[in-house]
Amino acid sequence: MKFIVIFMLASIFNSFAAGYAQNEKLTVKTRNATLKEVISLIEKQSDYVFFYKNEEVNQSQRFNLDVNEKSVKEILDLMTKNASLSYSISENYIFLNRREAPKKAEELQQPQQQGKTVTGTIIDGNGEPVIGATVVVQGDATKGTVTDIDGNYILTNVPENATLVVSYVGMQTQNIPLSGRSSVNLTLQEDSELLDEVVVVGFGTQRKVNLTGAVASVDTKTLESRPVSSAVQALQGVVPGLNINVSNQGNRLDANPSMNIRGTGNLGTGSSASPLVLIDGVEGSLNNINPQDIASISVLKDAASAAIYGSRAPFGVVLVTTKSGEKGKVTTTYSNNFRWTRPTNIPDMLDSYRFAQYFNVGQANAGRTNPLFPDDIMQNIKDYMDGKITDTAPRNERQGPNAFPFNMRSNDNQNWPRNFIDKTSFAQEHNVGVSGGGDRMRYYVSGAFLTQDGQMNFSEERKNRYNVSGKVTADVTSWLSIDFNSRFIREDITMPSFLKVYGDRFFAETTKLYPMMPLYDNNGHYTRNPKLMQLDYGGRSNSQSNTYFTQGGFTLKPIKGMGIYGQAALRTISDQLGYAINKVYLYDRDNQPVEEA
């Protein structure tokens, strides 16, 4: 059984705290104390954290310290003065290492050994120069080069008895011992195993060596090494020319990434520039299939694929082959992964005071005499940021019928992008598979469960996905085999109705909020502009998508070298969406509920 556990942890480093810690004065008094005891005393009195490897640091060393009001650096200098320790400080982290013993005088007097210069030419089996072949010294990647347009290379400072490693895509890698030579010429041979690899193309398979079109293939090892929730994510960065585009909907759970091959299409309205996706010969989606069920993926990139698949295929074809049972004893596999994700590069807003200053300067530069933020509001903003007042808007003013100001006359100091999506979300996935078979029948059965939380701070989102699949292949006679393939996928997504209905514009509107717009009014209730009442109390949306796929086929081989394939498939999709739109109430200055329009 294989267990895969992946923890994705994010840390935030506070430079102010680090600068403060470096100037902090500590008192350490020890007698015959161990290294761990001294570290514990320092960590208790400061924000520093120590890191070291047990095998590199001598923990039997003892320390006698009598230090009053000294910095951490001064204490570490005393500790390492007569000990076999060295240290380095980065932010709030201290790294301990073993101090190397000083070299003896005779070692210092020995001149460093100089290597030789090695030259040569790399050609292929036809005698043509191999351009761009890699030549490196085995065990030292810093000493390497590539061949030029004539297949020539030059390596300097190479040890006398080094081994050269020569490699090139599609060629067999060779290790060549120098054995004192200063010139090495080499002929690279084609990698027959790579060229004999079988690739799915169109309605059949073909060896790579016979391919004439642009085809890229991805095997199961690549997919299994990437614990992701979507097969589309597993293809990212693996297939040259395949572009994965994330949605612009703020990482909503019901928003899936899209694909295109070699750039954006240009057929206009009503067309799609995405490639045709076929799973076991039937059109499907890579976003909801279990990645652990995939045996191989072939990407047909050029327009030649349209000769087989017609007008649906000018933007390429993605052919997915799912796993099948193999002859042998029953094999059971289980894998899981746990993920913590957090948005990166969230844009931060200016603080309210600088924001207002910029707008006022813009007004003046435009020749307007009245500032957008007059002096009284500027003073309120400054006092609020300095902690002199706690009201987010003037109590003696109103906006609308009887509400506290919630626009440019308020004085809060919010960072709206982080208010909404600065959250660490959790996801987990479990996969189990059983396969086996005998001489006449083989089978593969699998199940998977995925649960993923959303990243909105003020609302709960969750996505659950269930995958069940089975495939059976039976050899009826030596010339006839039949197969049956079935797959069921269910996706349940819950989120606020407001996000489901208005999500496309919700995140764009978020960027238009001013930092002085209050999150809460003076009575502690949500204000109107951020739409937080709609997110929390405006109702829930629950969607369910069920996809059932069943397929039967046969393979007939009447004579040697001839194969007849027949296949029939049925795919049904059932989507259900239910959401409630609740009345939302805001509160006026008198703390009375007012229905939001």
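Residues numbered from 1 in each chain as written. Predicted model: local features only at pLDDT ≥ 70, side-chain atom pairs only at ≥ 80, totals over all residues. Heavy atoms only, no water.

Participant: I tried to follow the overall build of the chain on my own but got confused; where do I start?
Facilitator: When its secondary structure is counted, the chain shows 13 helices and 30 strands. Buried positions account for 39% of the 597 residues belonging to the chain. Taking the intrachain contacts of the chain between residues at least 6 apart in sequence as the baseline, contacts between residues at least 24 apart amount to 65%. Carbon and sulfur atoms make up 51% of the accessible area of the chain, which totals about 33700 Å². (Helix = DSSP H or I, 4+ residues; strand = E, 2+ residues; numbered from the N terminus. Buried < 20%, exposed > 50% of the residue type's maximum accessible area, 1.4 Å probe, protein only. Contact = heavy atoms within 4.5 Å. Areas by Shrake-Rupley, 256 points an atom, 1.4 Å probe, with all protein chains shown as cover.)

Participant: It is not clear to me how the packing of aromatic side chains should be interpreted in this structure. Could you clarify?
Facilitator: Here a ring pair, both rings aromatic, is described through the centre-centre distance and the interplanar angle of the planes. With the rule as written, the count across this model stands at eleven aromatic pairs. Ring centres of phenylalanine 359 and tyrosine 514 lie 5.6 Å apart, and the angle between their planes is 50°; this geometry places the pair in the tilted category. Within this pair, whereas phenylalanine 359 is found in helix α9 (residues 352–365), its partner tyrosine 514 is found in the loop between α12 (497–510) and α13 (532–537), the two being separated by 155 residues in sequence. Overall, the relative accessible area of 29% leaves phenylalanine 359 in the partly exposed class. An aromatic cluster is present here, built from Trp416, Phe420, Phe458, Tyr520 and Tyr526 joined pairwise through their rings. Taking the ring centre of phenylalanine 549 as reference, the NZ or CZ of arginine 487 above it sits at 4.3 Å. (Phe/Tyr/Trp six-rings, centres within 6.5 Å; stacked < 30°, edge-to-face > 60°. Lys NZ or Arg CZ within 6 Å of the ring centre and 35° of its normal.)

Participant: Help me understand the sheet that holds strand β26 (residues 480–496) in this model?
Facilitator: The strands that make up a sheet pair up through hydrogen bonds in the backbone, lying either parallel or antiparallel. Strand order in the open sheet formed by seven strands is β22-β23-β24-β25-β26-β27-β28, with antiparallel pairing between adjacent strands. Two strands bound the open sheet, and with one partner strand each, they are β22 (328–341) and β28 (564–579). Between one strand axis and the next, the sheet turns through 5° on average, direction left out of account. Judged from the 17 bridges that link them, β26 and strand β27 (residues 540–556) form a sheet pairing that is antiparallel. Its bridge partner being in β27, methionine 495 is matched across the sheet by serine 541. (Pairing = 2+ DSSP bridges. Axes fitted to C-alpha atoms, helices over the stretch in contact; angles between N-to-C directions.)

Participant: It is not clear to me how the pairing of strand β11 (residues 174–177) should be interpreted in this structure. Could you clarify?
Facilitator: When a strand is regular, its side chains alternate between the sheet's two faces. Here β11 shows one buried face, formed by Gln174 and Ile176, and one open face, formed by Asn175 and Pro177. Direction of pairing for strand β10 (residues 163–167) relative to β11: antiparallel, over a ladder of four bridges. Looking at β11, one finds that leucine 164 is bridged to isoleucine 176. Where β10 hands over to β11, the hairpin turn is made up of six residues, of which glycine 170 adopts a positive phi near 85°.

Participant: Even after reading the chapter, I still don't get the confidence of the model for the chain, so can you show me in this structure?
Facilitator: For residues with low pLDDT, the predicted coordinates do not support detailed interpretation. Taken as a whole, the chain shows an average pLDDT of 81; of its residues, 85% reach a score of 70 or greater. Note on residues 1–21: pLDDT under 50 across the span, and 29 contacts to partners over four residues away in sequence or across chains. Every residue in residues 207–212 scores below 50 in pLDDT, and together they form twelve contacts with partners more than four places removed in sequence or on other chains. (pLDDT = per-residue confidence, 0-100.)

Participant: Before we go on, may I ask you to explain the pairing of strand β15 (residues 215–219) in this structure?
Facilitator: Residues Ala216 and Val218 of β15 are buried on one face, while the alternating residues Val215, Ser217 and Asp219, pointing to the opposite face, are not. Taken together, the five bridges between β15 and strand β20 (residues 294–300) define a ladder with antiparallel strand orientation. Among the inter-strand pairings, alanine 216 is bridged to a residue of β20, identified as valine 299.

Participant: So what exactly am I meant to see when it comes to unusual backbone geometry here?
Facilitator: Most of the time, phi is negative for any residue but glycine, and the peptide bond is trans. Even without being glycine, asparagine 32 reaches a positive phi, approximately 55°. You can call asparagine 32 partly exposed: its relative accessible area is 46%.

Participant: In this structure, what is going on with the side chain of glutamate 429? I would like to understand it.
Facilitator: Relative to the assigned elements, glutamate 429 resides in strand β23 (residues 425–437). Overall, glutamate 429 belongs to the buried group, its relative accessible area being 3%. Discounting chain neighbours no more than four positions away, the residues touching glutamate 429 are Val228, Ser229, Asn290, Pro291, Ser335, Asn336, Asn337, Arg339, Phe449, Leu450 and Arg465.

Participant: What should I look at first to understand the environment of asparagine 175 in this one?
Facilitator: Relative to the helices and strands, asparagine 175 is located in strand β11. For the pair asparagine 175 and threonine 163, spaced twelve residues apart in sequence, the C-alpha to C-alpha distance is 6.4 Å. If we ignore the near neighbours within four places in the chain, the residues touching asparagine 175 are Gln138, Thr163, Leu164 and Val165.

Participant: Where do I start with helix α10 (residues 375–385) in this structure?
Facilitator: Think of an α-helix as turning once every 3.6 residues; residues three or four places apart then point the same way. Within the sequence span of α10, burial applies to Ile377, Met378, Ile381 and Asp383. At the C-terminal side of α10, glycine 387 shows a positive phi close to 80°.

Participant: Teacher, can you tell me more about the sheet that holds strand β18 (residues 276–279) here?
Facilitator: Taken in spatial order, the five strands line up as β15-β20-β21-β18-β19 in an open sheet, and their pairing is mixed. Either end of the sheet is taken by a strand with one partner, and the two such strands are β15 and β19 (282–283). The pairing of β20 with strand β21 (residues 317–322) spans six bridges and is classified as antiparallel. Paired with leucine 300 across the strands is valine 317, a residue of β21.

Participant: Help me out: how do you make sense of helix α3 (residues 72–81) in this one?
Facilitator: Residues Val72, Ile75, Leu76, Met79 and Thr80 constitute the buried set of α3. End-on, the buried residues of α3 take up no more than an arc of 125°, which puts them together on one face. Next to the buried residues of α3 lie β1 (26–34), α2 (35–45), β2 (49–51), β3 (62–70), β4 (85–90) and β5 (93–98). (Arc of directions from axis to C-beta.)

Participant: Just to check I follow, could you spell out the pattern of salt bridges for this structure?
Facilitator: Between side chains of opposite charge, a pair can form as their charged atoms come close. Scanning all chains against the criterion turns up 20 salt bridges. In this structure, glutamate 429 and arginine 465 form a salt bridge, with 3.7 Å as the shortest nitrogen-oxygen distance. With glutamate 429 in strand β23 and arginine 465 in strand β25 (residues 462–475), this pair connects stretches of sequence that are 36 residues apart. (Salt bridge = Lys/Arg side-chain N within 4 Å of Asp/Glu carboxyl O.)

Participant: Would you mind showing me how to read the nonpolar core here?
Facilitator: Nonpolar side chains tend to gather and get buried jointly when the protein is soluble and globular. By size, the foremost hydrophobic cluster in this structure holds 27 residues, and its most contacted members are Phe373, Trp416, Phe420, Met516, Leu532 and Leu535. Every element with two or more residues in this core is listed here: α9, α10, α11 (416–421), β26, α12 and α13. Val228, Ile261, Leu286 and Val299 belong to the second largest nonpolar core, which has 22 residues in total. (Core = buried A, V, L, I, M, F, W, Y, C linked by side-chain atoms within 4.5 Å.)

Participant: What exactly am I supposed to notice about the packing of α9 against α10 here?
Facilitator: Working note: a packed helix pair is described by the angle between its axes plus the distance between those axes. One way to put it is that α9 packs onto α10 with a least axis distance of 9 Å and a crossing angle of 160°. Considering their axes alone, α9 and α10 lie roughly antiparallel with respect to each other. Of the two possible hands of crossing, α9 and α10 adopt the one that is left-handed. Together, Ser352, Tyr353, Ala356, Gln357 and Asn360 of α9 and Met378, Ile381, Lys382 and Met385 of α10 make up the contact between the two elements. (Parallel < 35°, antiparallel > 145°, perpendicular 65-115°, else oblique. Left-handed = near helix turned anticlockwise from the far one by under 90°.)

Participant: Mind showing me how you'd approach a nonpolar patch on the surface here?
Facilitator: Taken together, Val476, Ile482, Phe554, Ile559, Met562 and Ile564 make up a surface patch of nonpolar side chains, about 490 Å² in accessible area. Along the chain, isoleucine 564 falls in strand β28. Assessed through its relative accessible area of 34%, isoleucine 564 is described here as partly exposed. (Patch = residues over 30% accessible without salt bridge, like charges linked within 9 Å, V, L, I, M, F, W, Y side chains within 5 Å.)

Participant: Help me understand the packing of α2 against α3, please; the structure alone is not making it clear to me.
Facilitator: Closest axis-to-axis distance for the α2/α3 pair is 12 Å, and the angle between their directions is 170°. Here α3 runs roughly antiparallel to α2, going by the angle between their axes. Contact with α2, carried on its side by Leu35, Val38 and Ile42, involves Val72, Ile75 and Met79 of α3 and no other residues of that element. Split by residue class, the contact of α2 with α3 holds six nonpolar, no polar and no charged. (Nonpolar A, V, L, I, M, F, W, Y, C, P; charged D, E, K, R; others polar.)

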